[in-house]
Amino acid sequence: MGKLLKDKNILIMGVANKWSIAWGIAKKFIKEEANLIFTYLGDKSRLHLEKFLMEEGIDNPKLIECDVSKDEDIENAFKELRKEIDVLHGVVHSIAFANKDELQGFYYNTSREGYLVAQDISSYSLVAISRNAQPLMTEGGSIVTLSYLGAERAITNYNVMGVAKAALEASVRYLAVDLGINNVTVNSISAGPVKTTSAKGIRDFTKLLRGFEDVAPLKRLVTTEEIANTALFLCSDLGTGVTGENIHVDCGYHIVG
Ligand code: NAD
């Protein structure tokens, strides 16, 4: 089989460091010869990302600034993207944020501001990004976002982020309907827990990891590579018939109990 993403231009949003799920996906996509463009958040993270990508052997990485909490940033990012490419084939949206103090204790203590921040960055951003991406996706394509089981079940301490993920998964279905006519698929991957910078913000995250291994049918944690494999399937020609779906890549954890 030839390289699965040859000649495909894909926007990767959400690489913060080597632990990021987005980086696991990017590595896999590079092996399949995708042409990647990365977004970053703020000047400090640009320097960090540039250095990190060079260390990983990516010379002259294409980097575009995008704070997804700002409409003008998203619009500018896609203007910049147009200067780099004529056609976009894929977007990996691997972005979420909630204030740390909202990721513990009683959900009913969620502040109005904290609720809106989580929804804005973790869920609404996919809507705005899809709207801006669509005009560039003239050959069809795939939009993939990352979700978690906390969207479907009340997971201790996940709280406001679970509610944002529920909105994200609902958005996936609505966006799949809107963009289907343009042959663009929209899906979420509900990943099992992975030790990343964001995940460490959830109180007792290591406890959650331990419990996971005991319960999951495969008796282990999911790897970032396994999550990336599913992203690859969705962004390649193998996944063209799948849209509006939420695919669990969690060693089967969600089926138990
Ligand atoms: P991460 O911290 O590596 O990635 C989160 C990214 O979101 C970072 O790159 C950060 O810069 C970006 N971000 C935050 N606010 C932003 C903003 N305003 N504008 C632009 N970017 C912004 O952590 P991760 O675990 O790789 O998270 C990636 C995605 O995977 C998230 O949606 C997360 O909820 C999801 N996910 C993670 C797990 C897990 O256990 N780690 C499980 C399921 C789903």
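To be clear, the structure that these remarks concern was listed above.
Residues numbered from 1 in each chain as written. Predicted model: local features only at pLDDT ≥ 70, side-chain atom pairs only at ≥ 80, totals over all residues. Heavy atoms only, no water.

Chemist: Explain the side chain of glutamate 102 to me, please; I cannot follow it from the model alone.
Modeler: Following the sequence through the fold, glutamate 102 ends up in the loop between β4 (90-93) and α4 (112-133). Comment: no salt bridge for buried glutamate 102; closest opposite-charge side chain is arginine 112, at 11 Å. A polar contact of 2.7 Å, which involves the side chain of glutamate 102, links it to the side chain of serine 111. If we skip the residues at most four places from it in the chain, glutamate 102 touches Asn109, Thr110, Ser111, Gly114, Asn157, Asn159 and Val160. (Helix = DSSP H or I, 4+ residues; strand = E, 2+ residues; numbered from the N terminus. Buried < 20%, exposed > 50% of the residue type's maximum accessible area, 1.4 Å probe, protein only. Lys, Arg positive; Asp, Glu negative; His and termini not counted. Salt bridge = Lys/Arg side-chain N within 4 Å of Asp/Glu carboxyl O. Polar contact = N/O pair within 3.5 Å; in protein donor to acceptor, adjacent residues only side chain to side chain. Contact = heavy atoms within 4.5 Å.)

Chemist: What should I look at first to understand the site of the ligand in this one?
Modeler: The environment of the ligand is made up of 27 residues, and the closest members are Ser20, Lys165, Val194, Thr196 and Ser198. Within the contact set of the ligand, an oxygen atom lies 3.3 Å away from a backbone nitrogen or oxygen of isoleucine 95. In the environment of the ligand, an oxygen atom lies 2.7 Å from a nitrogen or oxygen atom belonging to the backbone of valine 194. In the complex, the protein chains occlude 90% of the 810 Å² of accessible area that the ligand would expose alone. For the ligand, the cavity whose grid points lie within 2 Å of the majority of its atoms is the largest pocket. Considered class by class, the residues forming the shell around the ligand number 17 nonpolar, eight polar and two charged. (Near = heavy atom within 4 Å. Areas by Shrake-Rupley, 256 points an atom, 1.4 Å probe, with all protein chains shown as cover. 1 Å grid on protein atoms, 1.4 Å probe; cavity = no way out; pocket = protein on both sides within 12 Å on 5 of 7 lines; lining within 4 Å. Sits in = over half its atoms within 2 Å of the grid points. Nonpolar A, V, L, I, M, F, W, Y, C, P; charged D, E, K, R; others polar.)

Chemist: Just checking my understanding: could you explain the environment of alanine 228 for this structure?
Modeler: Along the chain, alanine 228 falls in helix α7 (residues 224-235). With 90 residues separating them in the primary sequence, alanine 228 and threonine 138 have C-alpha atoms 24 Å apart. If we skip the residues at most four places from it in the chain, alanine 228 touches Gly24, Ile25, Lys28 and Phe29.

Chemist: I would appreciate a short explanation of the layout of surface pockets in the present structure.
Modeler: Its boundaries defined by the atoms lining it, the largest pocket holds a volume of some 1200 Å³. Together, 44 residues line the largest pocket, and Ser94, Ile95, Ala96, Phe97 and Ser198 are the ones closest to its centre. A per-element tally of the lining of the largest pocket places helix α2 (residues 42-55) first, with three residues. Taken as a whole, the second largest pocket encloses approximately 200 Å³ of empty space. Together, Tyr148, Ile155, Thr156, Asn157, Ile202, Arg203, Asp204, Lys207, Leu208, Gly211, Phe212 and Tyr253 line the second largest pocket. Partitioning the lining of the second largest pocket into residue classes produces six nonpolar, three polar and three charged. (Points joined across faces, edges and corners; volume = space filled by probe spheres on them.)

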